[in-house]
2 protein chains.
Amino acid sequence: MYIAVMGYGTVGAGVVKVLKMNRDHISRKSRHGPIDVKYILEIREVTDENAHLVTKNFNDILNDKDIHVVVETMGGIHPAFDYVSACLKAGKSVVTSNKELVAEKGLELLTLARANQVNFTFEASVAGGIPIIRPLSGSLNGNIIEEVAGIINGTTNFILTKMITENMPYADALRLAQEKGYAEKDPTADVEGIDACRKICILSALAFGKHVHPRQVCTEGISKLDLKDTKYAGELGYVIKLLGRSKRVGDQISVMVSPALVKKESLLANVSGVNNAVLVRANAVGEIMMYGPGAGMMPTASAVVGDVIDCCNHYMRPKFFGWSEDAGDDFIKDYLDVETALFIRVDRSVDKAKIKEAFGDVDIIEKDDVAFITPVAAERELRIKAEGLGCEVKSVIRVTDY
Amino acid sequence: MYIAVMGYGTVGAGVVKVLKMNRDHISRKSRHGPIDVKYILEIREVTDENAHLVTKNFNDILNDKDIHVVVETMGGIHPAFDYVSACLKAGKSVVTSNKELVAEKGLELLTLARANQVNFTFEASVAGGIPIIRPLSGSLNGNIIEEVAGIINGTTNFILTKMITENMPYADALRLAQEKGYAEKDPTADVEGIDACRKICILSALAFGKHVHPRQVCTEGISKLDLKDTKYAGELGYVIKLLGRSKRVGDQISVMVSPALVKKESLLANVSGVNNAVLVRANAVGEIMMYGPGAGMMPTASAVVGDVIDCCNHYMRPKFFGWSEDAGDDFIKDYLDVETALFIRVDRSVDKAKIKEAFGDVDIIEKDDVAFITPVAAERELRIKAEGLGCEVKSVIRVTDY
């Protein structure tokens, strides 16, 4: 089988590398023997040993009848969306690592793939090398999914790990992440939760069958977190993680990205550095978790190549992800109506009797600031009570039951 | 689609329950609509609401052309092997949760399935509800697997958790496990590692493509573990877990089941109670881990039903697991030749200068007994040195790098 790789950045180069490195092994896992790259679509100059495969003309790939599977590792929506659409219409399966494309256009592209009896797969788009798309849409098919929650951004998990374990201030940890190449020069997409938002949209669609758009997700990053938050949370027995969460609540779902308190002894709390983990709660299996490297050249390429082999083996047999309609806004529950506990940090001027009056007999931490964890109630109600304390509310962070 | 369930014990009853409970949901995940149970094969009396489905005659199932998928949840080799073989020969796919059957007869049954263009699947045979078979033989197909290691027996993990966290002696923890229904009256298969051995055979076959027989695996249980071992290991920064491990070493593999020291901060160390976890190291993805409930009615049924849906969707399309030949004994490396570090506990009469002379400048714990961890070397060499210390060697436990 011959394939084409569109986009020769880190992930694209990794895909070509893995296919070469493990060629014999892969040929034994593939129904139709070896899988080789025939084209690399890349407009920048390529000078390595794969330069002879490079084309700048997308039509070379589109018009080549030998190419049944195309890998899209360009990133972004344009021109990826047009290229992927054209490939699917031409009867070629497409494998992508592009979470922005899947989060924005997944439903459209899956519908197009189905209409053309080919596959559109995207294991690499969430949590890098960790198998999560396939478990959610395969092994767990007998379950009704109740909740998906994950540490799905490695950059922010690295920063939080430094804040928690080394008491390093946010700005220093961010700088370190940039030095190590984990964070971009402009870190907005990571630290403001935009990247995690795309991924929780994809996981929500697989878990609940409806396309959730990034604009429908209440999204909050970690840039406002203070060392006082991580420290006080620690003393209360919790660790702060940036979580993407999607949960069935009655006939609706609650989807959000935000920092959240996780119990210290939970496995999620022990996921450190750039690693990712995704927890799934479902009505037959109970609770499971998948853990591993959430990004990087080789782990992401591992997921892409797994999909490529699957697409080669299932040519003209479209997979069914059950991702089949748009989530209307009425399917998404207002986050303020969702029940949760909150970690609240206020300034020292607070009257502690008022805290107990508003929230009951909660444990109160008194240091430079005062912090406590509320009982579970609708977030709106808790926030109104917090504002009624008559002092500055410095931070409000959700508390999970993981 | 109609299916049959052979064996109406805990798992079989769970399968019928999940198919009913999630029927609408499952019908949307299945290419051919709803999946219903037409027969339950059970020789014991059944009095619940499914009694009308019960038959004592296997031929009812075998001869019914409506039945394309059969679930085997009887356990044991006889008559499961004969029934499963007959079903496969009759063009019916078979889904099993029976680890003994898969560990002993997996290659034979997969070969038979392939010859008859049907599927033989067994996600539930290892680690209950945790997706592990499918990730190993699907998502990770682009990787050369280097190592698989797991906590794959919930009973012993429950006992060890009690010993470690509550300092409860082995015999008391075993009794508690029996009271809670986690351990059988005769706990041999669990506590002596026989159950874990079957599961590591299955994982080895998937990871390395060759059928490893239980008799080829160096197997040691937890029945000889002393609280001193768990306590001293703890002081050295480790937790003791019963691990099944299979690892590529040159052209061979090393396969074993034994108690092993795992670093306290590793995720495996934090897998507690009856939960299971499987860690995979592979040449592209690096290290990933899957975690969840390793046994129980509903989690195991979850895995079976996932396979059932897959078999219904892939009727006459056999999956390829790459499990294709027997592992000759020369494929299995003698465990004494495998490099490892060892935790060694000896009696107080030991001459500590001799320890340093034999093993270098190791940290030594002195309590009622004396314990230390050796550097990495061939196990044979380390054991010979330990015997040369001229004192009673009370326990020797392998130390991992997880």
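Each remark here, short or long, concerns the structure printed above.
This is a predicted model, so every value here is computed, not measured.

A.B. asks: Can you walk me through the overall build of chain A in this structure?
C.D. replies: Scanning chain A from terminus to terminus reveals 14 helices and 19 strands. Expressed as a percentage of the 402 residues in chain A, the buried residues total 62%. Restricting the contact set of chain A to residue pairs at least 6 apart, pairs at least 24 apart contribute 73%. Looking at chain A, you have 48 positive and 54 negative side-chain charges, and the mean spots of the two groups are 4 Å apart.

A.B. asks: Whenever I open this one, unusual backbone geometry confuses me. Can you help?
C.D. replies: Residues other than glycine predominantly adopt negative phi, and peptide bonds predominantly adopt the trans conformation. Following H78 of chain A, the chain continues into P79 of chain A via a peptide bond in cis, with omega recorded as 5°. Summarising the element assignment, P79 of chain A is placed in the loop between strand 4 (67-72) and helix 4 (80-89). Not every positive phi belongs to a glycine, and A127 of chain B is a case in point at roughly 60°. Assignment of secondary structure puts A127 of chain B in the loop between strand 6 (120-121) and helix 6 (133-139). Among the residues examined, A127 of chain B registers a relative accessible area of 0% and is labelled buried. Its identity as a non-glycine residue notwithstanding, N167 of chain B has a phi of 55°, on the positive side. Mapping N167 of chain B onto the fold places it in the loop between helix 7 (154-166) and helix 8 (170-179).

A.B. asks: Hey, could you run me through the sheet that holds strand 4 of chain A in this one?
C.D. replies: Paired through backbone hydrogen bonds, the strands of a sheet run either parallel or antiparallel to each other. All names here are of chain A. Spatially, the six strands line up as an open sheet ordered 3-2-1-4-5-6, and their pairing is parallel. Each end of this open sheet is capped by a strand with a single partner; those strands are strand 3 (54-55) and strand 6 (120-121). Taken strand by strand, helix 1 (residues 10-21) contacts strand 1 (2-6) and strand 2 (36-41), and its axis lies near 155° from that of strand 1.

A.B. asks: Would you explain the relation of the copies chain B and chain A in this entry?
C.D. replies: Here two copies of a chain appear, and what relates them is a rotation about an axis with a shift along it. With an RMSD of 0.0 Å, the operation that places chain B on chain A is a rotation of 180° combined with a shift of 0.0 Å along the axis. The superposition operator between the copies reduces to a two-fold rotation axis. Among all C-alpha atoms of chain B, that of M290 of chain B lies closest to the rotation axis, at 2.3 Å.

A.B. asks: Is there a simple way to think about the packing of aromatic side chains in this case?
C.D. replies: Applying the stated criterion across every chain yields a total of 12 aromatic pairs over all chains. Here the aromatic rings of F359 of chain A and F372 of chain A are separated by 5.3 Å at their centres, their planes lie at 45°, and the arrangement is tilted. One end of the pair, F359 of chain A, is in helix 13 (residues 352-359); the other, F372 of chain A, is in strand 17 (residues 369-373), with 13 residues separating them in the sequence. In this structure F359 of chain A comes out as buried when scored by relative accessible area, which is 5%. When the ring of F120 of chain B is compared with that of F122 of chain B, the centres are 5.8 Å apart and the planes differ by 45°; the resulting orientation is tilted. Ring pairing ties together the aromatic residues F120, F122, F321 and W323 of chain A, which thus form one cluster. Positioned over the ring face of Y2 of chain B is K38 of chain B, at 5.7 Å from the centre of the ring. A cation sits over an aromatic face here: K210 of chain B above F331 of chain B, 4.5 Å from the ring centre.

A.B. asks: Before we go on, may I ask you to explain empty space enclosed by the protein in this structure?
C.D. replies: Regions of empty space are outlined by a rolling probe, equal in size to a water molecule, passed over the atoms. Evaluated as defined, the whole model comprises four cavities of 30 Å³ or more. What the largest cavity holds in volume is close to 560 Å³. Taken together, 29 residues make up the lining of the largest cavity; nearest its centre are D310 and K319 of chain A together with D310, H314 and K319 of chain B. The set of elements that each furnish at least two residues to the lining of the largest cavity consists of helix 6 (133-139) and helix 12 (297-313) of chain A together with helix 6 and helix 12 (297-313) of chain B.

A.B. asks: Can you walk me through the interface of chain B and chain A in this structure?
C.D. replies: In many analyses, interface size is given as the accessible surface area lost on bringing the parts together. Contacts between chain B and chain A engage 46 residues on the former and 46 residues on the latter. Summing both sides of the interface, chain B and chain A together bury roughly 4000 Å²; the carbon and sulfur share of this comes to 54%. On the surface where chain B and chain A come into contact, there are 18 residue pairs in polar contact (both at pLDDT 80 or more). When contributions to the side of chain B that touches chain A are tallied by element, the ones reaching two or more residues are helix 1 (10-21), helix 2 (23-29), helix 6, strand 13 (286-293) and helix 12 of chain B. Its residues placed into classes, the side of chain B that touches chain A shows 24 nonpolar, 15 polar and seven charged. Of the strand pairs in this sheet, strand 13 (residues 286-293) of chain A and strand 13 of chain B are connected by three bridges, and their pairing is antiparallel.

A.B. asks: Could you clarify how one ought to interpret the sheet that holds strand 1 (residues 2-6) of chain B in this entry?
C.D. replies: Residue and element names in this part refer to chain B. The parallel open sheet is built from six strands, whose spatial order is 3-2-1-4-5-6. Either end of the sheet is taken by a strand with one partner, and the two such strands are strand 3 (54-55) and strand 6. Note: strand 4 (residues 67-72) against strand 5 (residues 93-96), four bridges, orientation parallel. Note on strand 5: the bridge partner recorded for V70 is V94.

A.B. asks: I would appreciate a short explanation of the environment of T111 of chain B in the present structure.
C.D. replies: Residue and element names in this part refer to chain B. Along the polypeptide, T111 turns up in helix 5 (residues 99-115). Overall, T111 belongs to the partly exposed group, its relative accessible area being 47%. Here the alpha-carbon distance between T111 and E325, two residues 214 residues apart in the chain, equals 9.5 Å.

A.B. asks: It is not clear to me how helix 12 of chain A should be interpreted in this structure. Could you clarify?
C.D. replies: Over its 17 residues, helix 12 of chain A runs 24 Å from end to end, which matches the ideal 24 Å to within 8%, given 1.5 Å per residue. Along helix 12 of chain A, 16 of the 17 residues are buried, which leaves the element largely enclosed by surrounding structure.

A.B. asks: Looking at this structure, how should I read the pairing of strand 2 (residues 36-41) of chain B?
C.D. replies: On a regular strand, one side chain projects to one face of the sheet and the next to the other, so that they alternate. Residues and elements named next belong to chain B. As defined by bridge partners, strand 1 adjoins strand 2 across five bridges and the pair is classed as parallel. Across the sheet, residue I3 finds its bridge partner in strand 2, namely V37. Where strand 2 meets strand 3, two bridges bridge the pair, whose relative direction is parallel. Each bridged residue has a counterpart across the sheet, and for I40 the counterpart in strand 3 is V54.

A.B. asks: Help me understand the side chain of S246 of chain B, please; the structure alone is not making it clear to me.
C.D. replies: Residue and element names in this part refer to chain B. Along the polypeptide, S246 turns up in strand 10 (residues 238-249). Owing to a relative accessible area of 0%, S246 belongs among the buried residues under this scheme. Here S204 takes part through its side chain, which lies 2.8 Å from a polar atom of the side chain of S246. Setting aside its immediate chain neighbours within four residues, S246 contacts E146, E147, V148, I200, S204, F208, I253, S254 and V255.

A.B. asks: Is there a simple way to explain the pattern of salt bridges in this structure?
C.D. replies: Where charged atoms from two side chains of opposite charge approach closely, those side chains can pair. For the coordinates displayed, the defined rule picks out 58 salt bridges over all chains. With a shortest N-O distance of 3.8 Å, E325 of chain A and K210 of chain A are connected by a salt bridge. With a gap of 115 residues between them, E325 of chain A in strand 14 (residues 325-326) and K210 of chain A in strand 8 (residues 210-211) connect regions that are remote in the sequence. Relative accessible area serves as the criterion here: at 22%, K210 of chain A is assigned to the partly exposed category. Across the salt bridge formed by E42 of chain B and R44 of chain B, the nearest N and O atoms sit 2.8 Å from each other. When salt bridges with common partners are traced through the structure, they connect K228, D229, R345, D369 and K394 of chain A into a single cluster.

So, how was this worked out
Starting from 1, residues in each chain are numbered consecutively following that chain's sequence as written. Whichever chain is written first becomes A and whichever ligand is written first becomes 1, with later ones labelled in order. Predicted model: local features are reported for residues with pLDDT of at least 70 only, side-chain atom pairs are reported and counted for 80 or more only, and whole-chain, interface and lining totals are derived from all residues. Calculated side-chain values reflect all of the structure's heavy atoms, with hydrogen atoms and water omitted. Strands are runs of DSSP state E lasting at least 2 residues, helices are runs of H or I lasting at least 4, and numbering of each runs from the N terminus. Here the term buried applies to any residue with accessible area under 20% of the maximum for its type, exposed to any over 50%, and partly exposed to those in between, with areas from a 1.4 Å probe on protein chains only. The criterion used for residue contact is that any of the two residues' heavy atoms lie within 4.5 Å. The positive count covers Lys and Arg only, the negative count covers Asp and Glu only, and His and the chain ends enter neither. Taken as the charge location is NZ of Lys, CZ of Arg, CG of Asp or CD of Glu. What makes two strands pair is DSSP finding at least two bridges between them. Lines fitted to the C-alpha atoms define the axes, with helices restricted to the stretch that makes contact. Angles between their N-to-C directions range from 0 to 180 degrees. The atoms used to superpose the copies are C-alpha atoms, taken from residues with pLDDT of at least 70 in both, and the fit is least squares. Aromatic contacts are taken between Phe, Tyr and Trp rings whose centres are within 6.5 Å, Trp giving its six-membered ring; a plane angle under 30 degrees counts as stacked, one over 60 as edge-to-face, and the others as tilted. Working rule: Lys NZ or Arg CZ, within 6 Å of ring centre, within 35 degrees of ring normal, means a charge sits over the ring. Both site types are read off a 1 Å grid over the protein atoms alone. A 1.4 Å probe that fits but cannot get out defines a cavity, while an open set with protein on both sides within 12 Å along at least five of seven lines defines a pocket; lining residues have an atom within 4 Å of a point. Grid points are joined across faces, edges and corners, and a volume is the space filled by probe spheres set on the points. When two components associate, each loses some accessible surface as probed by a 1.4 Å sphere; the sum of these losses over both components is called the buried area. Two N or O atoms form a polar contact when they lie within 3.5 Å of each other; inside protein one atom must be a possible hydrogen donor and the other a possible acceptor, and for residues adjacent in sequence the pair counts only when both atoms belong to side chains. Only Asp, Glu, Lys and Arg are considered charged in this grouping, and only Ala, Val, Leu, Ile, Met, Phe, Trp, Tyr, Cys and Pro are considered nonpolar; every other residue, Gly among them, is considered polar. Given a helix with a known number of residues, its expected span is that number minus one, times 1.5 Å. We define a salt bridge as a side-chain nitrogen of Lys or Arg found within 4 Å of a carboxyl oxygen belonging to Asp or Glu.

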